[in-house]
Amino acid sequence: QVHLVESGGGVVQAGGSLRLSCDSSGITTEKYMMGWFRQTPGKEREFVARFSWGSSIPFYADSVKGRFTISRDSAENIMYLQMNNLRPEDTAVYYCVAKYYISDTYDYWGQGTQVTVSS
């Protein structure tokens, strides 16, 4: 059973930093892709960052390149999103996601953690 739990969100001033964590269970790294999406109320969910399937190569949305870093602690089954130089437009609910390698969609989502960046 796949289970994802995000944590680490909060309120921060523009230019500040936060680190989000995703505690996962039921994930086999050989068969799943994992990453982060975010969503503002009334808007579609936006891709933020992910690891590719079968490798540890990270991919980032253009809007966060150079500011966000995705990483993971395999021993603890935890994925992180380090967010630096935060901007007000980064305000959103951030979701940990997982996709089975042959699926066309991200099938598993955490409950989300709110990130609010004040100007």
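Asker: Just to check I follow, could you spell out the sheet that holds strand S7 (residues 68-73) for this structure?
Answerer: Each strand in a sheet pairs with its neighbour through backbone hydrogen bonds, running either in the same direction (parallel) or in the opposite one (antiparallel). What the four strands build is an open sheet, ordered S1-S3-S8-S7; its pairing is antiparallel. Here the strands that pair on one side only, and so sit at the sheet edges, are strand S1 (3-7) and S7. Between one strand axis and the next, the sheet turns through 20° on average, direction left out of account. Of the strand pairs in this sheet, S7 and strand S8 (residues 78-83) are connected by six bridges, and their pairing is antiparallel. When the sheet's bridge partners are listed, Asp73 is paired in S8 with Ile78.

Asker: I tried to follow the state of the cysteines on my own but got confused; where do I start?
Answerer: Cysteine pairs can be linked by a disulfide, which is a covalent bond between their two sulfur atoms. Per the counting criterion, the structure on display carries one disulfide. The residue that forms a disulfide with Cys22 is Cys96, at a sulfur-sulfur distance of 1.9 Å. Judged by the torsion about the S-S bond (-70°), the Cys22/Cys96 disulfide is left-handed. With a gap of 74 residues between them, Cys22 in strand S3 (residues 18-25) and Cys96 in strand S9 (residues 92-100) connect regions that are remote in the sequence.

Asker: What am I meant to see in the layout of surface pockets here?
Answerer: By volume, the largest pocket is sized at about 270 Å³. The wall of the largest pocket is formed by 20 residues, among which Ile27, Thr29, Met34, Arg72 and Ser74 lie closest to the centre. Where the lining of the largest pocket is concerned, the elements lending two or more residues are S3, strand S4 (32-39), S7 and S8. The greatest single-element share of the lining of the largest pocket, amounting to three residues, is contributed by S4.

Asker: It is not clear to me how the packing of aromatic side chains should be interpreted in this structure. Could you clarify?
Answerer: The relative placement of two aromatic rings is captured by the distance of their centres and the angle of their planes. Taken as a whole, this structure holds seven aromatic pairs when the rule is applied. Between the aromatic rings of Tyr32 and Tyr100, the centroid separation amounts to 5.3 Å while the plane-to-plane angle is 65°, which identifies the pairing as edge-to-face. Linking Tyr32 in strand S4 with Tyr100 in strand S9, this pair joins segments that are 68 residues apart in sequence. With relative accessibility at 14%, the residue Tyr32 sits in the buried group. Centre to centre, the rings of Phe37 and Tyr106 are 5.1 Å apart; their planes meet at 65°, and the pair counts as edge-to-face. Separated by 69 residues along the polypeptide, Phe37 in strand S4 and Tyr106 in the loop between S9 and strand S10 (108-109) bring together distant segments of the chain. Taken together, the aromatic side chains of Phe37, Phe47, Tyr95, Tyr106 and Trp109 make up a single cluster linked through ring pairs. Arg45 extends its terminal NZ or CZ atom over the ring of Tyr95, reaching a point 4.6 Å from the ring centre. Over the aromatic face of Phe51 sits the side chain of Arg72, whose NZ or CZ is 4.0 Å from the ring centroid.

Asker: Where do I start with the side chain of Lys99 in this structure?
Answerer: Inspection of the secondary structure puts Lys99 in strand S9. No salt bridge is formed by the buried Lys99; its nearest oppositely charged neighbour, Asp104, is found at 6.3 Å. Here the side chain of Lys99 touches Ser103 through a polar contact of 2.8 Å, landing on its backbone oxygen. Here Lys99 is in contact with Lys31, Tyr32, Met33, Asp104, Thr105, Tyr106 and Asp107, once residues within four sequence places are set aside.

Thresholds, definitions, all that
The written sequence of each chain sets the order in which its residues are numbered from 1. Restriction of local features to residues with pLDDT of at least 70 applies here, the model being predicted, together with a cutoff of 80 or more for giving and counting side-chain atom pairs; totals for whole chains, interfaces and linings are based on all residues. As a rule here, side-chain values come from all non-hydrogen atoms in the structure, and water together with hydrogens is ignored. Criterion used throughout: strands pair if DSSP finds at least two bridges between them. A run of H or I in DSSP becomes a helix once it reaches four residues, and a run of E becomes a strand once it reaches two; helices and strands are each numbered from the N terminus. For helices, the axis comes from a line fit to the C-alpha atoms of the stretch in contact; other axes are also lines fit to C-alpha atoms, and the angle between any two N-to-C directions lies between 0 and 180 degrees. Two cysteine sulfur atoms form a disulfide, by the criterion used here, when they sit within 2.5 Å. Grid points spaced at 1 Å over the protein atoms alone were grouped into cavities, where a 1.4 Å probe fits but cannot get out, and pockets, open sets with protein on both sides within 12 Å along at least five of seven lines, with lining residues defined by an atom within 4 Å of a point. Grid points are joined across faces, edges and corners, and a volume is the space filled by probe spheres set on the points. Pairing of aromatic side chains requires ring centres within 6.5 Å, counting the rings of Phe and Tyr and the six-membered ring of Trp. Pairs whose planes differ by under 30 degrees are stacked, by over 60 edge-to-face, and all others tilted. The classification of residues rests on relative accessible area computed with a 1.4 Å probe and restricted to protein chains. Under 20% of the type maximum is buried, over 50% is exposed, and intermediate values are partly exposed. Two thresholds decide whether a charge sits over a ring: the Lys NZ or Arg CZ must be within 6 Å of the ring centre and within 35 degrees of the ring normal. Counted as positive: Lys and Arg. Counted as negative: Asp and Glu, with His and the chain ends omitted from the count. A pairing counts as a salt bridge when a side-chain nitrogen of Lys or Arg comes within 4 Å of a carboxyl oxygen of Asp or Glu. Identification of polar contacts relies on pairs of N or O atoms within 3.5 Å, with a donor-acceptor requirement for protein atoms, meaning one able to donate a hydrogen and the other able to accept it, and with residues adjacent in sequence counted only if both atoms are side-chain atoms. Residue contacts are counted whenever heavy atoms from the two residues lie within 4.5 Å of one another.

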